[in-house]
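Analysis of the macromolecular model
This is what each chain is made of:
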Amino acid sequence: MSAQPVVLDVDTGIDDACALLLAALHPGLDLVGVTCVGGNAPLPDVVRNTLTVLEAAGRRDVPVAAGAPRPLLEEPVDARHVHGADGMGDLRLTPPTMGLDPRSAVALLRDLIDVHADSGQPLTVVPLAPMTNIALLARTHPEIFARIGRIVFMGGGAMVSNATAAAEFNVFHDPEATAIVLDACTEHSVPVTMYGLDVFYAPTVTAQEGAGLRALGTRVGDLAGGLIDFACGRFATDTATIGDAGAVAILLAPDAVRLQRLPVRVELSGTWTRGRTIVDLRDWAGDMEHDPHGPAPAVVDVALELDGTAIAALWLRTVRGEL
């Protein structure tokens, strides 16, 4: 079978870097582009980190475009307390020499989606960051958005949160953007999968496995092993989640995830709950006339369970070059 064409939208921190390595190196995926957005780190750091990962993976052919430096409405925040001062583990890597694509993120997305829709292989868009770029695409080029084959986004959670007691970081950072994208998916019948915090932490790599990657003596091994080592040190544990990489991995191993089609809304105005993904887990079998809201228009394939061991093994084989 031919490789699946994908584009990643990233705010490259540690787990985005793990996801980029998987998408760039696995023969089952055709990484045709990457777009960058401010999130885990400010946009200039995200761009540098993204180019560094692709260069280490030998993928200078992949166009990379810079996008939104901040959310649609909110002031930007970052997660450098998790990802390091540079946003990617403070590994003191050699600065990349490959350059940015001259197009904006929205323009690159527009062009890639259009050409792949015409080729008969619709593009899968994988946002692993606040969805500001994707929302801007939906608003400025709705006819192109409608040609997306599928969206698989890392964000939200049915029962788990992290940025606040109610909200996951990517959605919390730009909740309006996520709401716009879900509305656009509903309007244009674009299939959408939510890979949220309910499964995010399941695939883990041990410190020993990270050391084994560094022992390979390759640029990819040094980078991947360094990321695992930093994450273990930051949280004083002997395992590190590869987080976002799981959202890419389920494209390759769909049997490793249990999805359930559920109505999903984004809370935009709650004092304590702004940015929460309201995943409706009711079966709607009874009389719901007392509910003034009814089910959400957006029906999403929500990831609720994941074989983390299988996903981590897939990532390790890919990074080691064992495929």
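Our structure is the block above this text.
Residues numbered from 1 in each chain as written. Predicted model: local features only at pLDDT ≥ 70, side-chain atom pairs only at ≥ 80, totals over all residues. Heavy atoms only, no water.

1. Overview of the overall build of the protein chain
Of the regular secondary structure elements, the protein chain holds 13 helices and eleven strands. A compact globule built from 323 residues would reach a C-alpha radius of gyration of about 20 Å, and the protein chain, at 19 Å, matches this within 12%. Overall, the protein chain is about 65 × 45 × 40 Å in size when its C-alpha atoms are taken along their principal axes. Burial status across the protein chain gives 55% buried among its 323 residues. Considering only contacts within the protein chain whose residues lie at least 6 apart along the sequence, 82% involve residues at least 24 apart. Carbon and sulfur atoms make up 53% of the accessible area of the protein chain, which amounts to about 13,100 Å² in all. Of the charged side chains in the protein chain, 22 are positive and 40 negative; the average position of the first set lies 4 Å away from that of the second. (Helix = DSSP H or I, 4+ residues; strand = E, 2+ residues; numbered from the N terminus. Rg over C-alpha atoms; globule rule 2.2 N^0.38 Å. Buried < 20%, exposed > 50% of the residue type's maximum accessible area, 1.4 Å probe, protein only. Contact = heavy atoms within 4.5 Å. Areas by Shrake-Rupley, 256 points an atom, 1.4 Å probe, with all protein chains shown as cover. Lys, Arg positive; Asp, Glu negative; His and termini not counted. Charge placed at Lys NZ, Arg CZ, Asp CG, Glu CD.)

2. With respect to the packing of helix α5 (residues 132-140) against helix α8 (residues 175-188)
One can describe the packing of α5 onto α8 by two numbers: an axis separation of 8 Å at closest approach and a directional angle of 45°. By the criterion of interaxial angle, the relationship of α5 to α8 is oblique. Crossing of α5 against α8: the hand is left-handed. Here Thr132, Ile134, Ala135, Ala138 and Arg139 of α5 lie close against α8, whose contacting residues are Ala177, Ile180, Val181 and Ala184. For the contact of α5 with α8, the per-class residue count stands at seven nonpolar, one polar and one charged. (Axes fitted to C-alpha atoms, helices over the stretch in contact; angles between N-to-C directions. Parallel < 35°, antiparallel > 145°, perpendicular 65-115°, else oblique. Left-handed = near helix turned anticlockwise from the far one by under 90°. Nonpolar A, V, L, I, M, F, W, Y, C, P; charged D, E, K, R; others polar.)

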